[in-house]
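# Results of the structural survey
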Amino acid sequence: MPSDQTFVIVGAGLAGAKAAETLRSEGFDGRLILIGAESERPYERPPLSKDYLRRETTDKPYVHDNGYYAENDIDLRTSTEVESIDTDASEVVLAGGERVGFDRLLLTTGAEPRRLSVPGSDLDGVLYLRTVENSDAIAERIEAGGRLVTIGAGWIGAEIAASARMKGCDVTVLEMASLPLERVLGPELGAVYRDIHTDHGVNLLTDTALESFEGSGSVESVRTADGRSIDADFVVVGVGVAPRTQLAEAAGLKLDNGVVTNELLETSAPGIYAAGDLANARHPFYEKNIRVEHWANALNQGPAAARNMLDRNDPYDNLPYFFSDQYDVGMEYAGYATEWDEVVFRGDVDAREFVAFWLAGGRVIAGMNVNVWDVIDDIQAIIRSKATVEPDSLKDTDTPLDELAESVAGAES
Ligand SMILES: Cc1cc2nc3c(=O)[nH]c(=O)nc-3n(C[C@H](O)[C@H](O)[C@H](O)COP(=O)(O)OP(=O)(O)OC[C@H]3O[C@@H](n4cnc5c(N)ncnc54)[C@H](O)[C@@H]3O)c2cc1C
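In this text, all values refer to a predicted model and were calculated from it rather than measured experimentally. (Residues numbered from 1 in each chain as written. Predicted model: local features only at pLDDT ≥ 70, side-chain atom pairs only at ≥ 80, totals over all residues. Heavy atoms only, no water.)

In terms of regular secondary structure, the chain is built from 10 helices and 26 strands. Computed over its C-alpha atoms, the radius of gyration of the chain comes to 22 Å, within 12% of the 22 Å expected for a compact globule of 413 residues. Considered along the principal axes of its C-alpha atoms, the chain spans approximately 65 × 60 × 35 Å. Each of the 413 residues in the chain was classed as buried or not, and the buried ones make up 53%. Intrachain contacts of the chain at a sequence separation of at least 6 include 61% that bridge at least 24 residues. Of note, the chain has its 36 positive side-chain charges centred 3 Å away from the centre of its 72 negative side-chain charges. (Helix = DSSP H or I, 4+ residues; strand = E, 2+ residues; numbered from the N terminus. Rg over C-alpha atoms; globule rule 2.2 N^0.38 Å. Buried < 20%, exposed > 50% of the residue type's maximum accessible area, 1.4 Å probe, protein only. Contact = heavy atoms within 4.5 Å. Lys, Arg positive; Asp, Glu negative; His and termini not counted. Charge placed at Lys NZ, Arg CZ, Asp CG, Glu CD.)

In structure tokens form, the structure reads like this:
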């Protein structure tokens, strides 16, 4: 790629930072500008609800060392918001009016927490978690002790609840569904996580809708739709995130649950790419577009977009993967299950050391290892094989999973 080109990346999170790294490591020696609205240089978000939130570490989880960007001639502009994209002129317009021209553009503007608008939402002490500053603010409240109510028992709500319990707070979790994490994991695994939280002393209120927050100035209680009032010193809302599509929308890019891209992560505007939480990318394995709001997707899709900006023609086909840590329960999940026929367990569910497989039409479409390690590659191989697998052979702990993966990978799909 000739060195007189300028590549611009908008969004200095994990996807953007890894894309910049890849452009340089793959030999792009043109001008490279990485623009981020936050004041911090790029950092990873998973620790913000885990060890960083519990103050087990005070090191910010930066993606690169302080000197990395200058050493690699990456023009990192923090505290800089891109206000619009002029696709006709191939320029981004910064807040303040400066225009920056680009030959290729990557959008990695991520996602932001969905905000509540119930009465009392503006009270002091009603908090959200996305940034390191948000995590610092919640950590301060946790250190002070007291009663936390989390709104939502998805990943963010569940992890914050776990961290706050580990630090000795009284924790109530309010969830509209019947079980925590049910939307993603379904009832079988939702029940496992219900028990994990209640065993650790969380007051878990499921099938419960939020009505309002009450207090004068600061939140003092949370009112439920069925008329209960729960005392609270602070509240953290974790009701999902929405992709930050405003720039792309104003620029006329095709949107559908995020910014739509092809398998090469190129948007409907030639030369403009998208990756990470923002991108609803065509997935060759699933033969449809999917948007994945997880760390590994940002980590790997940013670099894949970078390679394609260099015309490497490299379709992104990693299987979705995520992890979560709550109390002493660690898990990894691979695959993509929205509908399934059954969930098969391998190992000891009561001891919380097991692998779960989601099956549809006799094939494994997703798998999750809980406190069992070094099996995620085998799980992915089984999913990728698209082979029909006998549930009994999945359950049989006498057959090592790598052997099973090898045998199904060789089988007819
Ligand atoms: C607390 C927390 C815990 C998590 N834990 C896990 C976990 O355990 N496992 C897991 O798999 N995933 C986890 N995730 C999800 C994971 O962190 C995200 O999937 C990942 O951060 C997505 O990276 P991204 O680079 O696509 O977007 P983001 O991280 O959202 O970064 C986008 C960046 O773009 C910037 N930006 C947006 N618009 C503009 C603009 N107009 N101009 C300039 N800059 C802009 C934003 O300020 C932001 O810094 C967690 C997320 C959070 C918040």
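Let's pick the thread back up.
Turning our eyes to something else, we now look at helix α4 (residues 155-166). End to end, α4 covers 16 Å across 12 residues, agreeing with the expected 16 Å (1.5 Å per residue, within 8%). Among all positions of α4, only W155, G157, A158, E159, I160, A161, A162, S163 and A164 are buried. Directly after α4, the chain includes G168, whose backbone phi takes a positive value near 90°. (Expected span 1.5 Å × (residues − 1).)

Moving on, we get to helix α7 (residues 295-309). Each α-helix winds once per 3.6 residues, and so residues spaced three or four apart point in a common direction. Between the first and last C-alpha of α7 there are 21 Å, a value that for 15 residues agrees with the 21 Å anticipated at 1.5 Å per step. Those residues of α7 lying buried are A296, N297, A298, Q301, G302, P303, A304, A305, A306, N308 and M309. Where α7 is buried, its residues meet β1 (6-10), α1 (14-25), β7 (104-107), β19 (272-274), β20 (279-283) and β22 (321-326). Backbone geometry just after α7 places D311 at a positive phi near 65°.

Side chains that are nonpolar tend, in soluble globular proteins, to be buried together. Formed by 43 residues in total, the largest nonpolar core has its most connected members in L185, L189, Y333, W358 and M368. With 28 residues, the next largest nonpolar core counts F7, V63, I74 and M309 among its residues. (Core = buried A, V, L, I, M, F, W, Y, C linked by side-chain atoms within 4.5 Å.)

Further remarks concern the sheet that holds strand β21 (residues 288-291). Spatially, β18-β20-β21 is the arrangement adopted by the 3 strands of the open sheet, whose pairing is mixed. Looking at the sheet topology across the chains shown, the edges are occupied by β18 (259-261) and β21. Pairwise comparison of adjacent strand axes, ignoring direction, gives a mean angle of 30° for this sheet. Pairing geometry for β18 and β20, over 3 bridges, is parallel. Bridging from a neighbouring strand, T261 pairs with A281 of β20. (Pairing = 2+ DSSP bridges. Axes fitted to C-alpha atoms, helices over the stretch in contact; angles between N-to-C directions.)

Take the sheet that holds strand β4 (residues 82-86) next. Pairing within the open sheet is antiparallel, and its 3 strands lie in the order β4-β5-β6. Each edge of the open sheet is held by one strand with a lone partner, namely β4 and β6 (99-101). Geometrically, the sheet is characterised by an average inter-axis angle of 25° between neighbouring strands, direction not taken into account.

Take the pattern of salt bridges next. Across all of its chains, the model carries 26 salt bridges by this definition. Notably, a salt bridge pairs K395 with D392, separated by 3.9 Å at the nearest N-O pair. Taken together, the positions of K395 and D392, both in helix α9 (residues 391-395) and 3 residues apart, correspond to about one turn of that helix. Several salt bridges share partner residues, and in doing so they unite D75, R77 and E98 into one network. (Salt bridge = Lys/Arg side-chain N within 4 Å of Asp/Glu carboxyl O.)

Once that is clear, we can look at the packing of α1 against α7. Viewed as axis vectors pointing N to C, α1 and α7 meet at an angle of 40°, and their least axial separation amounts to 7 Å. With respect to α7, the axis of α1 lies oblique. Note on packing geometry: the crossing formed by α1 with α7 is right-handed. Side by side, α1 and α7 meet where L14, A15, K18, A19, T22 and L23 of the first sit next to W295, A298, L299, G302, P303, A306, R307 and M309 of the second. Taken together, the residues of the contact of α1 with α7 sort by class into 10 nonpolar, 2 polar and 2 charged. (Parallel < 35°, antiparallel > 145°, perpendicular 65-115°, else oblique. Left-handed = near helix turned anticlockwise from the far one by under 90°. Nonpolar A, V, L, I, M, F, W, Y, C, P; charged D, E, K, R; others polar.)

Okay, the site of the ligand next. Surveying the vicinity of the ligand reveals 36 residues, the closest of which are E38, R45, K50, R130 and D277. Separating an oxygen atom of the ligand from a side-chain N or O atom of R130 is a distance of 2.7 Å. A distance of 3.0 Å separates a nitrogen atom of the ligand from a polar backbone atom of F323. Calculation on the ligand without its partners gives an accessible area of 1,000 Å², and the protein chains cover 94% of this total. Going through the elements one at a time, α1, α4, α7 and β22 are the ones with two or more residues in the shell around the ligand. Counted by class, the shell around the ligand contains 17 nonpolar, 10 polar and 9 charged residues. (Near = heavy atom within 4 Å. Polar contact = N/O pair within 3.5 Å; in protein donor to acceptor, adjacent residues only side chain to side chain. Areas by Shrake-Rupley, 256 points an atom, 1.4 Å probe, with all protein chains shown as cover.)

Its location among the elements puts R291 in strand β21. Here N257 takes part through its side chain, which lies 3.0 Å from a polar atom of the side chain of R291. Those residues in contact with R291, other than ones at most four positions away along the chain, are P243, N257, G258, D277, L278, A279 and N280.

So, about the packing of aromatic side chains. The geometry of an aromatic ring pair is captured by two quantities: the separation of the ring centres and the angle between the planes. Taken as a whole and assessed by the stated rule, the structure comprises 11 aromatic pairs. A ring pair is formed by Y286 and Y336, whose centres lie 5.3 Å apart and whose planes are at 55°; its orientation type is tilted. One end of the pair, Y286, is in the loop between β20 and β21; the other, Y336, is in the loop between β23 (329-335) and β24 (342-348), and 50 residues separate them in sequence. Cation over ring: R384 sits above F285, and NZ or CZ is 5.5 Å from the ring centre. (Phe/Tyr/Trp six-rings, centres within 6.5 Å; stacked < 30°, edge-to-face > 60°. Lys NZ or Arg CZ within 6 Å of the ring centre and 35° of its normal.)

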